[in-house]
Amino acid sequence: MFAFLKSSHKLEYIKIAIKCSVTPDYVYNVAHGKECEGAKLDIVRKHLLNAGIIHEQRYG
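Residues numbered from 1 in each chain as written. Predicted model: local features only at pLDDT ≥ 70, side-chain atom pairs only at ≥ 80, totals over all residues. Heavy atoms only, no water.

Participant: Could you give me a rundown of the state of the cysteines, with the residues and numbers involved?
Facilitator: Within this structure, the stated rule accounts for 0 disulfides. Among the cysteines around Cys20, which has no disulfide bond, Cys36 carries the closest sulfur, lying 12 Å off. The buried category is assigned to Cys20, whose relative accessible area is 2%. On the basis of relative accessibility, which here comes to 15%, the residue Cys36 falls in the buried class. (Disulfide = S-S within 2.5 Å. Buried < 20%, exposed > 50% of the residue type's maximum accessible area, 1.4 Å probe, protein only.)

Structure follows, in structure tokens:
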């Protein structure tokens, strides 16, 4: 818990968490590819992509 506090993106994680009504730890875990579930997963990913924190990977 509170792993996001060590990140250089911690303020962005907090902003996204507030927008999406989730915890900053949840946003951090999504950003780091950890197993996450929930209805807000795609919304959080979209915010992380828009912020430039994660990048879309295409397979195929």
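Picking up after the structure, the text goes on.
Participant: Got a sec to walk through the nonpolar core? Specific residues and values, please.
Facilitator: Side chains of nonpolar character tend, in soluble globular proteins, to be buried together. Membership of the largest hydrophobic core comes to 16 residues, with the highest contact counts inside it found for Tyr13, Val27, Val30, Val44 and Leu48. Looking at this core, the elements that each hand over two or more residues are α1 (10–20), α2 (24–31) and α3 (41–51). Looking at this core, the element that brings in the most residues is α2, giving 5 residues. When sequence neighbours within four positions are dropped, the list of residues in contact with Leu48 reads Tyr13, Ile16, Val27, Val30, Ala31, Ile53 and Ile54. (Core = buried A, V, L, I, M, F, W, Y, C linked by side-chain atoms within 4.5 Å. Helix = DSSP H or I, 4+ residues; strand = E, 2+ residues; numbered from the N terminus. Contact = heavy atoms within 4.5 Å.)

Participant: Can you explain the side chain of Ser7? Please cite residues and give values.
Facilitator: Mapping Ser7 onto the fold places it in the segment before α1. For Ser7, a relative accessible area of 13% corresponds to the buried category. When neighbours within four sequence positions are excluded, Ser7 is seen to be in contact with Tyr13 and Tyr28.

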